[in-house]
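This is what each chain is made of:
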Amino acid sequence: MSVETPRKTAGKTSNRVVAAVCLAFFTGMIGMAYAAVPLYKMFCQATGYGGTTQRAERQYAGRVLDREVTVRFDANIAGVPWEFQPVQRSMTMKIGQTVQAHYQATNKFNRPVTGRATFNVQPELAGPYFNKVECFCFTDTTLKPGETLDMPVLFYVDPDIVNVPELKDIKTITLSYTMFPVEKNKPVASSQPAKGTSKTVSDTEGNLGG
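Just so you know, these numbers come straight off a predicted model, no measurement behind them.

Brief notes about the overall build of the chain
Here is step 1 of the chain: Counting its secondary structure elements, the chain contains one helix and eleven strands.
Here is step 2 of the chain: Beginning at the N terminus, the succession of helices and strands in the chain can be written as α-β-β-β-β-β-β-β-β-β-β-β.
Here is step 3 of the chain: Per-residue burial over the chain gives 36% buried out of 210 residues.
Here is step 4 of the chain: Long-range contacts, defined here as pairs at least 24 residues apart, represent 78% of the contacts in the chain between residues at least 6 apart.

Let's talk about the sheet that holds strand 8 (residues 141-143)
Here is step 1 of the chain: Overall, mixed pairing links the five strands, which are arranged 4-2-10-6-8 in an open sheet. Only two strands of the sheet have a single partner each, and these edge strands are strand 4 (90-94) and strand 8. Sheet twist, expressed as the average angle between the axes of neighbouring strands with direction ignored, equals 30°.
Here is step 2 of the chain: Here strand 6 (residues 113-122) pairs with strand 10 (residues 172-181) via eight bridges, running antiparallel. Bridged to Arg116 within strand 10 is Phe180.

Quick look at the pattern of salt bridges
Here is step 1 of the chain: Inspection of the entire model under this criterion finds four salt bridges.
Here is step 2 of the chain: Between Asp66 and Lys94 there is a salt bridge, with its nearest N and O atoms 2.9 Å apart. Here Asp66, found in the loop between strand 1 (54-55) and strand 2 (68-77), pairs with Lys94, found in strand 4; they are 28 residues apart in sequence, far enough to count as distant.
Here is step 3 of the chain: You can call Asp66 exposed: its relative accessible area is 71%.

Remarks on unusual backbone geometry
Here is step 1 of the chain: Between Gln122 and Pro123 the backbone carries a cis peptide bond, its omega angle lying at 0°.
Here is step 2 of the chain: Phi at Phe138 is positive, roughly 60°, even though this residue is not glycine.
Here is step 3 of the chain: Counting through the fold element by element, Phe138 comes out in the loop between strand 7 (130-134) and strand 8.
Here is step 4 of the chain: Under the relative-accessibility criterion, Phe138 is labelled partly exposed at 32%.

Some points on the confidence of the model for the chain
Here is step 1 of the chain: Mean pLDDT over the chain works out to 76, with 59% of the residues at or above the 70 mark.
Here is step 2 of the chain: Here residues 187-210 is modelled with pLDDT under 50, and outside its nearest four sequence neighbours on either side it reaches 63 contacts, counting other chains as well.

Some words on the nonpolar core
Note on soluble globular proteins: their nonpolar side chains tend to be buried together.
Here is step 1 of the chain: Grouped together as the largest cluster of nonpolar side chains are 39 residues, with contacts concentrated most on Phe84, Tyr103, Phe155, Ile173, Leu175 and Tyr177.
Here is step 2 of the chain: For this core, the secondary structure elements donating two or more residues are strand 2, strand 3 (82-86), strand 4, strand 5 (99-107), strand 6, strand 9 (148-157) and strand 10.
Here is step 3 of the chain: Take this core: its biggest share by element is five residues, from strand 9.
Here is step 4 of the chain: Setting aside chain neighbours within four positions, we find Phe84 in contact with Ala75, Asn76, Ile77, Tyr103, Gln104, Ala105, Phe136, Met151, Tyr177 and Met179.

Criteria and cut-off values
- Residues numbered from 1 in each chain as written.
- Predicted model: local features only at pLDDT ≥ 70, side-chain atom pairs only at ≥ 80, totals over all residues.
- Heavy atoms only, no water.
- Helix = DSSP H or I, 4+ residues; strand = E, 2+ residues; numbered from the N terminus.
- Buried < 20%, exposed > 50% of the residue type's maximum accessible area, 1.4 Å probe, protein only.
- Contact = heavy atoms within 4.5 Å.
- Pairing = 2+ DSSP bridges.
- Axes fitted to C-alpha atoms, helices over the stretch in contact; angles between N-to-C directions.
- Salt bridge = Lys/Arg side-chain N within 4 Å of Asp/Glu carboxyl O.
- pLDDT = per-residue confidence, 0-100.
- Core = buried A, V, L, I, M, F, W, Y, C linked by side-chain atoms within 4.5 Å.

Structure below.
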């Protein structure tokens with residue numbers, strides 16, 4: 001009959017502690033991996049990192065500068081069978097002035113299709129100062145075959161942008177949207193144009209995303 005010495009007992013206890021720590025670390029890393037995407041999205045929306053625009057808490061900037069900035073509008077599609085484009089390619093307004101622009105989407109497929117838009121601005125440093133009051137981004141939108149949807153964007157450029165050395169002389173900002181399909185389980189390559197009706201989405205906060 002063997003008797004464990006205090007040194008052997010302490011060694012086994014130490015090994016268990018090391019194993020438990022490694023398991024906890026591994027589990028924590030998996031959890032962080034799953035949380036990385038939503039946390040990164042929250043970080044970008046809070047800081048404007050990567051050209052992410054801000055969701056305005058109020059509809060107006062509070063002051064309007066005697067300086068103009070031109071906002072250019074860009075639209076892209078990534079796998080969704082729609083025509084998606086800005087109604088107006090650019091707009092010039094006073095810094096701090098609240099204005100509304102419009103995008104338009106038409107479903108060219110022969111069945112209903114749901115899309116969702118993401119966005120950013122260029123230059124990236126302008127992201128924290130581009131404030132969207134109302135927007136269709138990150139909102140699932142379903143269009144019937146041939147249906148056309150008007151999608152307004154209400155925004156302003158924060159006057160504090162002129163206090164940033166790299167942006168004090170900024171003349172142009174580009175707002176870019178990319179539309180993605182929400183459902184990818186059905187092929188869309190054989191889409192056929194279809195006749196339909198058009199409608200305008202209500203630009204209320206309940207219908208428009210952040």
